[in-house]
Number of protein chains: 2
Amino acid sequence: MEISQLGEFGLIRHLTKDLKVQNESTRKGVGDDCAVIQYAAGQRTLVSTDLLMEGVHFDLIYTPLKHLGYKAVQVNLSDIYAMGGTPRQITVSLALSKRFSVEDIETLYDGMRLACEQHGVDLVGGDTTSSLTGMAISITVLGEAREEDIVYRNGAKPTDLICVSGNLGAAYMGLQLLEREKAVYYQQRHEAKEAGNNPDSVDFQPDFTGKEYILERQLKPEARRDIIERLRQAGIRPTSMMDISDGLSSELAHICTQSNTGCRIYEERIPLDYQTAVMAEELNMNVTTCALNGGEDYELLFTVPLSENDRVSQLQDIKVIGYMTEENQGRAMIARDGGEFELKAQGWNPLQ
Amino acid sequence: MEISQLGEFGLIRHLTKDLKVQNESTRKGVGDDCAVIQYAAGQRTLVSTDLLMEGVHFDLIYTPLKHLGYKAVQVNLSDIYAMGGTPRQITVSLALSKRFSVEDIETLYDGMRLACEQHGVDLVGGDTTSSLTGMAISITVLGEAREEDIVYRNGAKPTDLICVSGNLGAAYMGLQLLEREKAVYYQQRHEAKEAGNNPDSVDFQPDFTGKEYILERQLKPEARRDIIERLRQAGIRPTSMMDISDGLSSELAHICTQSNTGCRIYEERIPLDYQTAVMAEELNMNVTTCALNGGEDYELLFTVPLSENDRVSQLQDIKVIGYMTEENQGRAMIARDGGEFELKAQGWNPLQ
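Now for a description of the structure that goes with this document.

Basis of the calculations
Residues numbered from 1 in each chain as written. Chains lettered and ligands numbered in written order. Predicted model: local features only at pLDDT ≥ 70, side-chain atom pairs only at ≥ 80, totals over all residues. Heavy atoms only, no water. Helix = DSSP H or I, 4+ residues; strand = E, 2+ residues; numbered from the N terminus. Least-squares fit on C-alpha atoms with pLDDT ≥ 70 in both. Axes fitted to C-alpha atoms, helices over the stretch in contact; angles between N-to-C directions. Left-handed = near helix turned anticlockwise from the far one by under 90°. Contact = heavy atoms within 4.5 Å. Nonpolar A, V, L, I, M, F, W, Y, C, P; charged D, E, K, R; others polar. Salt bridge = Lys/Arg side-chain N within 4 Å of Asp/Glu carboxyl O. Buried < 20%, exposed > 50% of the residue type's maximum accessible area, 1.4 Å probe, protein only. Expected span 1.5 Å × (residues − 1). Polar contact = N/O pair within 3.5 Å; in protein donor to acceptor, adjacent residues only side chain to side chain.

Quick look at unusual backbone geometry
Alright, step 1. One non-glycine residue with positive phi stands out, namely A:Asp317, at about 70 degrees.
Alright, step 2. Mapped onto the fold, A:Asp317 is located in the loop between α10 (309-313) and β11 (318-326).
Alright, step 3. A positive phi is found at B:Glu296, a non-glycine position, where the angle reads about 70 degrees.
Alright, step 4. On the secondary structure map, B:Glu296 appears in the loop between α9 (287-293) and β10 (299-304).

Structural notes on the relation of the copies chain A and chain B
Think of it as a corkscrew move, a rotation about one axis and a shift along it, taking one chain copy to the other.
Alright, step 1. You can overlay chain A on chain B at an RMSD of 0.1 Å; the transform is a turn of 180 degrees with a shift of 0.0 Å along its axis. Both chain copies can therefore be described as sitting about a two-fold axis. For chain A, the minimum C-alpha distance to the rotation axis belongs to A:Ala41 and amounts to 2.7 Å.

Describing the packing of helix α2 (residues 65-81) of chain B against helix α3 (residues 102-119) of chain B
Residues and elements named next belong to chain B.
Alright, step 1. At a closest axis distance of 6 Å, the pairing of α2 and α3 adopts a crossing angle of 35 degrees. The hand of the α2/α3 crossing is right-handed. Contacts between α2 and α3 involve Leu65, Lys66, Leu68, Gly69, Tyr70, Val73, Gln74, Leu77 and Tyr81 on the former and, on the latter, Asp104, Thr107, Leu108, Asp110, Gly111, Met112, Leu114, Ala115, Cys116, Gln118 and His119.
Alright, step 2. In the contact of α2 with α3, the residues fall into eleven nonpolar, six polar and three charged.

Describing the pattern of salt bridges
All names here are of chain A.
Alright, step 1. With the rule as written, the count across this model stands at 50 salt bridges over all chains.
Alright, step 2. The partner of Asp317 in a salt bridge is Arg224, and the shortest N-O contact between them spans 2.7 Å. Placement of the pair is Asp317 in the loop between α10 and β11 and Arg224 in the loop between α5 (212-219) and α6 (225-233), with a sequence separation of 93 residues.
Alright, step 3. Taking the relative accessible area as the measure of exposure, Arg224 reaches 10% and is therefore buried.

Some words on helix α4 (residues 170-194) of chain A
All names here are of chain A.
Alright, step 1. Under the 1.5 Å per step criterion, the end-to-end length of α4 is 36 Å for 25 residues, consistent within 8% with the ideal 36 Å.
Alright, step 2. Its buried side turned inward, α4 meets α5, α8 (274-282) and α9 (287-293).
Alright, step 3. Two residues or fewer past α4, Gly196 is found with a positive phi of approximately 85 degrees.

Structural notes on the interface of chain A and chain B
Alright, step 1. Contacts between chain A and chain B engage 66 residues on the former and 66 residues on the latter.
Alright, step 2. Linking chain A with chain B are four salt bridges.
Alright, step 3. A salt bridge links B:Asp33 to A:Arg153; the nearest nitrogen and oxygen atoms lie 3.2 Å apart.
Alright, step 4. Put simply, chain A and chain B have 21 residue pairs in polar contact (both at pLDDT 80 or more) between them.
Alright, step 5. Considering every element that reaches the side of chain A that touches chain B, the biggest residue donor is strand β3 (residues 44-53) of chain A, with nine residues.
Alright, step 6. Grouping the constituent residues of the side of chain A that touches chain B by class yields 26 nonpolar, 26 polar and 14 charged.

So this is what it looks like as structure tokens:
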């Protein structure tokens, strides 16, 4: 069905008709000039927003719409967890070109709904409009936190331990794999054309065997609520925290700058998955560089007081990779061979 | 200066370095994973969001960037006022193509800052990224309201008076004027080219004499905080309210649908500005049709109990245009000649 048949309000009604409110704090969802929210007395409200542009943040050649919707929500929720909060509501704005059908947008919404359900989040509003060219997705997330649970980027102190959750570089390797297979596909189409055949007749089967994990990390990231809960259960309060969206080196630089500290991390301690290492080998890339500068891992980077060493080291899926230093000691990485390098923030720059 | 020289974080720092927080409720603005907000105990949080796409919502040929920034903020604030609330914070996400310089974006921000200052609103976060094609602007606004002050769309009752602020159709006429002058400009460029001259040498002076008001209504709309304050001072509580962004007929249909009522409005009572009427005449358009279906007026449409007739009629810049009826009486307009027409929602559909 063409979107123009439903119109803006028809499409919104169609997409939101089955939404069930999960949070008491959602007093009014979709359907008025504003959504109305009420958190319990004393709670702080957290807000974060992301704008995803087709061709810059996602490539619909290899990104299924359901995954895109799921990911667009997860990356926003990740920002709330990275402050120590609980996400509760999102608004979703979409700009769509004429090439999308109502069914396409339903599929995109299915992915968003799935992410919302998993995290107990309500979709409370948004805007749906057309685009002359690519798709744009803008999501704003609201969450709540007690004042004493909020963790900023500026609270790290020298000697604090630097911790990361999960493993790094896998999403970036997944992206490289998808880009490689895309290039092969276009090459086959080109060859078919040269041979006088219809390029649409190319029956291309991308080879993802043994690479499922890195693909999933790229296409279906998960906001790490579990890590926040684990820390809370253990009674460990990070001194600084953020999520790793642009690469470890870039995020660590933010924490150092805002906390007025230096840092010292150990290459051998950076958590890597086996598939990340294999893929880097295949592509002749340095796996540490991928882990430091590859983006979209959506793992948590945080610091804890040195006194928490024993307790934090026992927590599942969290790894201590170094410690904070005085600011004048700079930002350093100790390589596997013992050599010391200056850490440079080379994360993804969306404006270059 | 090219944006890529500063990079994302450099650009954000540059644009936000002079921001002063105006609200006590803004506990943390730009610079972390989330902004942190705390309204006074018992207050409700209102949220609304808009996504503006170049070529769909604005044309940079005739929209100065400062005006664009100003308008993008005002149209969001309008949604908070339309619920009876007070806007306090916004987040701003921008997607920019390479043709914009740092100075361009500063100018856009100047307009946004001006709107924020006028309404006491803090810019607390956002996202800045690139776009392969046109510009995208996504703004989310947060505001607060006491529960008893919030006005929804579903509270209108039969016999309630239908009121509008200001006048209608002017922004649409301003748009028609801009489009007409744009067409003349392109025609002159075309003719220069045909004559073998450089089209860039065309010294085009658009003719806006006597049309300043409708231009301003299109390029520089104002969210009607004054109307909300006036109603509050007079102790008048609307039974339903929304802002007129897609045209009176469309918005009135929303209120009727959500309140389960019909309505009856009088053509002769629809407030029009002189310039709107003159422009409609010039373009051979029916001025009532423009007032009913032209969008972007950002005036307030609301209903009050019949018993408020005397008081609301005395308020400056507010006009009673009709009354609500039982749902089965439909949605009617009484024309100047006494004829009765069915009101059809023909407002702007961004998806057609």
